[in-house]
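Listed here are the chains, written in short residue letters.
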Amino acid sequence: MTNKIRVRYAPSPTGLLHIGNARTALFNYLFARHHGGDFVIRIEDTDRKRHVEDGERSQLENLAWLGMDWDESPVNPGAFGPYRQSERLEIYQSYIDRLLEAGLAYKSYVTEEELAAQRERQEAAGEPPRYINEFLGMSDAEKAAYIAEREAAGIEPTVRLAVKEDQIYKWSDLVKGEIEFEGGNIGGDWVIQKRDGYPTYNFAVVIDDHLMEISHVIRGDDHIANTPKQLMVYEALGWEAPLFGHMTLIINSETGKKLSKRDTNTLQFIEDYRKKGYLPEAVFNFIALLGWNPGGEEEIFSQAELIQLFDEARLSKSPAAFDQKKLDWMSNEYFKKADLETLVDLTQPFLEAAGRWTDKAADMVALYQPQLTAAEDIVPLTDLFFADFPSLSEEAAAVLAGETVPVVLSAFRQKLADLSEEAFQVENISPLIKEVQKETGVKGKNLFMPIRVAVSGEMHGPDLSNTIFLLGKEKALAHLDAALEQH
Ligand code: GLU
């Protein structure tokens, strides 16, 4: 094996790209890029029951959207292909044959019904489920008769690895430290090839990681219990195992429990964020901090900075909290810094779908830029310009009830009405408010708030002059009239 760093992201194409898998991909990506290694994508599609049409395309598309690139995959194969497990069946078969010939694996004719009955008995006796070798206590002749009988009955065998029960399987985990399992505690001789001829995950993953020269396996800690099984295969084939690192669980900060696809209030698929018009850089930044940080208080990092700073020794041992509010805060930080052209492109489909794509669209996006968390937010934010005047909150209504309100609003209305078409420009609007101050002696909050509420219906919002300018003179005057009437 060469010493080159090669890591892989190996999704099973069973659905959309989940935030947990995206994190696995992203840490592998950062690790590879930081060390100048290769990042490989392999599709683990041997579970035919769970196969989802288009699952592979969706995975790759969303990884690309997040800003990751990869060196090898089914669509850009390198020297280690094929990169889909379903296209590697002959390769697995050759190693299964090798283990069968060496007596390190054997064909098992036990039926699913017998296995279920065995599990039931064990459960009733309070024992952990395990496969009991079906040949136990049989003489060679009995064994031959048993096999012949089952084959004649058309029972397809599985292939099981002969487990060394007394052996200790241990590794030094990059994240969790020393971990060990006893061979006797993994449920007995386990299946490496299913009845349909497909290898099991724990077998195929070893063949692939070895042949693809993977140096580090970085994945979720739900795979810890699989690692001893995989070490058994490395041992049986006489191969050196890669280094393993198991990242901690992601918990939902709302519930304190493991992030689950059943938490329907939490957006968990990268596709969800993409559809809502998040900036991929923000989502990338957010995911990179799920269970890792470079130290210090800073939280906003570009992809290049993350690649430079990435240090696997800082992968956290405690669970990572998925906090949607933090993501939205971070997203807003990225929106505030983004250039207008990007934002206009990103918001265009939403404005178009709402029938709000006008020649003032760019100005409107600029107006609301500081308030955006996702591009889709632009639609409710621009209601003022397209929908009925918003109904006032209690607080806002109280502003309009103020004593000096009529004099302020009438004076402002007059000055706005007096502006000629040409003079109706953003820069000429705030001087009008100053003039109202001079004329009426009202200043500060009592001056600005009634104008803001009258024009926009809101107490807080974007720049007042810009809002008035974008509303247009006619609409602004109509709003002021309505507010005066309400008083
Ligand atoms: N296909 C496995 C999964 O999606 C990959 C596990 C691994 O990285 O070994 O969980």
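If you're wondering where the values come from, they're calculated on a predicted model, not measured in any experiment.

Thresholds, definitions, all that
- Residues numbered from 1 in each chain as written.
- Predicted model: local features only at pLDDT ≥ 70, side-chain atom pairs only at ≥ 80, totals over all residues.
- Heavy atoms only, no water.
- Helix = DSSP H or I, 4+ residues; strand = E, 2+ residues; numbered from the N terminus.
- Rg over C-alpha atoms; globule rule 2.2 N^0.38 Å.
- Buried < 20%, exposed > 50% of the residue type's maximum accessible area, 1.4 Å probe, protein only.
- Areas by Shrake-Rupley, 256 points an atom, 1.4 Å probe, with all protein chains shown as cover.
- Lys, Arg positive; Asp, Glu negative; His and termini not counted.
- Charge placed at Lys NZ, Arg CZ, Asp CG, Glu CD.
- Near = heavy atom within 4 Å.
- Polar contact = N/O pair within 3.5 Å; in protein donor to acceptor, adjacent residues only side chain to side chain.
- Nonpolar A, V, L, I, M, F, W, Y, C, P; charged D, E, K, R; others polar.
- Pairing = 2+ DSSP bridges.
- Right-handed = clockwise from strand over helix to strand, strands pointing away.
- 1 Å grid on protein atoms, 1.4 Å probe; cavity = no way out; pocket = protein on both sides within 12 Å on 5 of 7 lines; lining within 4 Å.
- Points joined across faces, edges and corners; volume = space filled by probe spheres on them.
- Phe/Tyr/Trp six-rings, centres within 6.5 Å; stacked < 30°, edge-to-face > 60°.
- Lys NZ or Arg CZ within 6 Å of the ring centre and 35° of its normal.
- Axes fitted to C-alpha atoms, helices over the stretch in contact; angles between N-to-C directions.
- Expected span 1.5 Å × (residues − 1).
- Arc of directions from axis to C-beta.
- Contact = heavy atoms within 4.5 Å.
- UniProt positions renumbered as here; feature names shortened; annotations may be inferred.
- Patch = residues over 30% accessible without salt bridge, like charges linked within 9 Å, V, L, I, M, F, W, Y side chains within 5 Å.
- Salt bridge = Lys/Arg side-chain N within 4 Å of Asp/Glu carboxyl O.

**Focus: the overall build of the protein chain**
The helix and strand inventory of the protein chain stands at 21 helices and eleven strands. A globule of 487 residues ought to have a C-alpha radius of gyration of about 23 Å, yet the protein chain, at 32 Å, is considerably larger. Expressed as a percentage of its 487 residues, the buried residues of the protein chain come to 47%. By element, 49% of the accessible surface of the protein chain is carried by carbon and sulfur atoms, the whole surface being about 23,500 Å². Across the protein chain, the centroid of the 51 positively charged side chains sits 2 Å from that of the 80 negatively charged ones.

**Re the site of the ligand**
The environment of the ligand is made up of Arg8, Ala10, Ser12, Glu44, Tyr201, Val205, Arg219 and His223. One of the side-chain N or O atoms of Glu44 is found 2.6 Å from a nitrogen atom in the ligand. Within the contact set of the ligand, an oxygen atom lies 2.8 Å away from a side-chain nitrogen or oxygen of His223. Protein chains shield 82% of the accessible area of the ligand, which is 290 Å² for the free molecule. Broken down by class, the residue content of the shell around the ligand amounts to three nonpolar, two polar and three charged.

**Observations regarding the pairing of strand β9 (residues 243-247)**
With four of five residues buried, β9 lies mostly within the body of the structure. Two elements, strand β8 (residues 216-220) and β9, share five bridges in a ladder whose sense is parallel. Following the sheet pairing, Val217 is matched in β9 by Phe244. Considered for its hand, the β-α-β crossover made up of β8, helix α7 (residues 227-237) and β9 is right-handed.

**Here's the deal with the layout of surface pockets**
Here the second largest pocket defines a volume of roughly 240 Å³. Tyr368, Leu381, Leu384, Ser456 and Glu458 are the residues nearest the centre of the second largest pocket, which is lined by 16 residues in total. Split into classes, the residues belonging to the lining of the second largest pocket amount to seven nonpolar, five polar and four charged.

**Section: the packing of aromatic side chains**
Any pair of aromatic rings gets described here by the distance separating the centres and the angle formed by the planes. All told, the structure shown has 13 aromatic pairs when counted by the stated rule. Where Tyr29 meets Phe284, the ring centres are 6.2 Å apart and the plane angle is 90°; that geometry is what we call edge-to-face. Placement of the pair is Tyr29 in helix α1 (residues 19-35) and Phe284 in helix α9 (residues 280-288), with a sequence separation of 255 residues. Residue classification places Tyr29 among the buried positions, given a relative accessible area of 3%. Grouping aromatic residues by their ring pairs yields a cluster made of Phe27, Trp292 and Phe310. Against the face of Phe80 rests Arg6, its NZ or CZ located 4.0 Å from the ring centre. The positively charged end of Arg160 is found above the aromatic ring belonging to Tyr131, 3.6 Å away from the centroid.

**Observations regarding the sheet that holds strand β4 (residues 158-161)**
Spatially, three strands are ordered β3-β4-β7 in an open sheet, and the strand pairing comes out antiparallel. Unpaired on one side and paired on the other, β3 (105-108) and β7 (191-193) mark the two borders of the sheet. Within the sheet, the average angular offset between the axes of one strand and its neighbour, ignoring direction, is 45°. Direction of pairing for β3 relative to β4: antiparallel, over a ladder of four bridges. The residue bridging Tyr106 from the neighbouring strand is Arg160, located in β4.

**A few points about helix α4 (residues 112-124)**
End to end, α4 covers 18 Å across 13 residues, agreeing with the expected 18 Å (1.5 Å per residue, within 8%). Taken together, the buried positions of α4 are Leu115, Gln118 and Gln122. Axial view of α4: buried residues confined to an arc of 60°, hence all on one face. Looking at α4, the residues exposed on the side facing more than 90 degrees away from the buried face are Glu113, Glu120, Arg121, Glu123 and Ala124. Buried-residue contacts for α4 involve β4. Downstream of α4 by one or two residues, Gly126 has phi in the positive range, about 70°.

**Brief notes about the UniProt feature "domain: Aminoacyl-tRNA synthetase class I anticodon-binding" (unreviewed entry) in the protein chain**
Residues given the UniProt feature "domain: Aminoacyl-tRNA synthetase class I anticodon-binding" (unreviewed entry) here are residues 343-484. Taken end to end, residues 343-484 has its terminal C-alpha atoms 36 Å apart, with 65% of it in helix and 0% in strand.

**Some thoughts on a negative patch on the surface**
A contiguous patch of negative charge, built from Asp166, Glu178, Glu180 and Glu182, is present on the exposed surface. Summarising the element assignment, Glu182 is placed in strand β6 (residues 177-182).

**Some thoughts on the UniProt feature "short sequence motif: 'HIGH' region" (unreviewed entry) in the protein chain**
With numbering matched to this structure, UniProt assigns "short sequence motif: 'HIGH' region" (unreviewed entry) to residues 11-21. Helix makes up 27% of residues 11-21 and strand makes up 0%, while its end C-alpha atoms are separated by 8 Å.

**Notes on the side chain of Thr373**
With respect to the secondary-structure elements, Thr373 resides in the loop between α13 (361-368) and α14 (378-381). The contacts of Thr373, once residues within four sequence positions are left out, are Tyr278, Asp328, Ser331, Asn332 and Phe335.

**A look at the side chain of Ser73**
For Ser73, the position within the fold is in the loop between α2 (55-66) and α3 (89-101). A polar atom in the side chain of Ser73 sits 3.2 Å from the side chain of Trp70. Among the polar contacts made by the side chain of Ser73, one reaches the side chain of Asn76 at a distance of 2.5 Å. When sequence neighbours within four positions are dropped, the list of residues in contact with Ser73 reads Ile41 and Tyr83.

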